[in-house]
Amino acid sequence: MGSFEDLYRRHVQAVFRFAWRVTGDRETAEDITSEAFLALYRNLDSIDESQLPGWLLTVARNRARDLWRRRVVEQRSLEQLANPLVAEPAAAPLETWMLECADLKPVHRTCLMLRYVYGMTRA
């Protein structure tokens, strides 16, 4: 295989175009291209040159997927921070029954809530 610089010059445009098409953002495509070639540099001895273009595009695709996953998690977190009432889970059926049951005395309701809702032991 040629030197890393030769490999970089030969494949950088294809990897960049692929990353830009996948992400739609120039700066993100530059980052993904950099990460792909950094991975190539780290694994240069273990990669067959005939597999190199596909290997680089696979690394770029995987980095883009990681980016999308990260963005989804960040977006979900931001939505939960913006809407704290929506983020709270609804009361479980058992908890609802304990709160609404007129037959339970307050002390029994408290004991049941502590045991079955909050997971405390009988002791």
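Up top is the structure.
Residues numbered from 1 in each chain as written. Predicted model: local features only at pLDDT ≥ 70, side-chain atom pairs only at ≥ 80, totals over all residues. Heavy atoms only, no water.

Our next topic: the overall build of the chain. Scanning the chain from terminus to terminus reveals six helices and zero strands. The N-to-C order of helical and strand elements in the chain reads α-α-α-α-α-α. Principal-axis analysis of the C-alpha atoms places the extent of the chain at approximately 80 × 30 × 15 Å. Per-residue burial for the chain yields a buried fraction of 23% across its 123 residues. Contacts in the chain between residues far apart in sequence, at least 24 positions, make up 46% of those at least 6 positions apart. If the 17 positive side-chain charges of the chain are averaged to one point and the 17 negative ones to another, these points end up 5 Å apart. (Helix = DSSP H or I, 4+ residues; strand = E, 2+ residues; numbered from the N terminus. Buried < 20%, exposed > 50% of the residue type's maximum accessible area, 1.4 Å probe, protein only. Contact = heavy atoms within 4.5 Å. Lys, Arg positive; Asp, Glu negative; His and termini not counted. Charge placed at Lys NZ, Arg CZ, Asp CG, Glu CD.)

In this section: the packing of helix α2 (residues 26-42) against helix α3 (residues 52-82). Packing of α2 against α3 brings their axes to within 9 Å, and their N-to-C directions diverge by 130°. One way to sum up the angle between α2 and α3 is to call them oblique. The element α2 and its partner α3 pack so that their crossing is right-handed. For the pair α2 and α3, contact is made by Thr28, Ile32, Glu35, Ala36, Phe37, Ala39 and Leu40 and by Leu52, Trp55, Leu56, Val59, Ala60, Arg63, Ala64, Leu67 and Arg71, respectively. Taken together, the residues of the contact of α2 with α3 sort by class into twelve nonpolar, one polar and three charged. (Axes fitted to C-alpha atoms, helices over the stretch in contact; angles between N-to-C directions. Parallel < 35°, antiparallel > 145°, perpendicular 65-115°, else oblique. Left-handed = near helix turned anticlockwise from the far one by under 90°. Nonpolar A, V, L, I, M, F, W, Y, C, P; charged D, E, K, R; others polar.)

This brings us to the side chain of Thr33. Inspection of the secondary structure puts Thr33 in helix α2. A distance of 2.7 Å separates a polar atom in the side chain of Thr33 from the backbone oxygen of Ala29. Leaving out residues up to four positions away in the same chain, Thr33 has contacts with Val12, Val15, Phe16 and Ala19. (Polar contact = N/O pair within 3.5 Å; in protein donor to acceptor, adjacent residues only side chain to side chain.)

On to α3, then. In this model, α3 (31 residues) spans 45 Å end to end at C-alpha, consistent with the 45 Å of a helix rising 1.5 Å per residue. Within α3, burial applies to Leu52, Leu56, Val59, Ala60, Ala64 and Leu67. Summarising the contacts, the buried residues of α3 are in contact with α1 (4-23) and α2. (Expected span 1.5 Å × (residues − 1).)

Glancing now at the nonpolar core. If you look at the biggest cluster of nonpolar residues, it comprises 18 residues, and the most contacted ones within it are Val15, Phe37, Leu40, Leu52 and Leu56. Only α1, α2 and α3 provide two or more residues apiece to this core. Here the element with the most residues in this core is α2; it accounts for six residues. Among residues more than four places away in sequence, those in contact with Leu40 are Phe4, Leu7, Ile47, Leu52, Trp55 and Leu56. (Core = buried A, V, L, I, M, F, W, Y, C linked by side-chain atoms within 4.5 Å.)

Time to look at the packing of aromatic side chains. For the structure on display, the rule yields four aromatic pairs. Between Phe4 and Tyr41 the ring centres are 5.2 Å apart and the planes differ by 75°, which places this aromatic pair in the edge-to-face class. On the criterion of sequence distance, the pair formed by Phe4 in helix α1 and Tyr41 in helix α2 is long-range, its members being 37 residues apart. Here the aromatic cluster, defined as three or more aromatic residues joined through ring pairs, consists of Phe4, Tyr8, Phe37 and Tyr41. (Phe/Tyr/Trp six-rings, centres within 6.5 Å; stacked < 30°, edge-to-face > 60°.)

This paragraph deals with the environment of Trp20. Structurally, Trp20 can be placed in helix α1. A sequence separation of twelve residues divides Trp20 from Ile32, and the C-alpha atoms of the two residues are 8.9 Å apart. If sequence neighbours within four positions are ignored, Trp20 has contacts with Asp25, Arg26 and Ala29.

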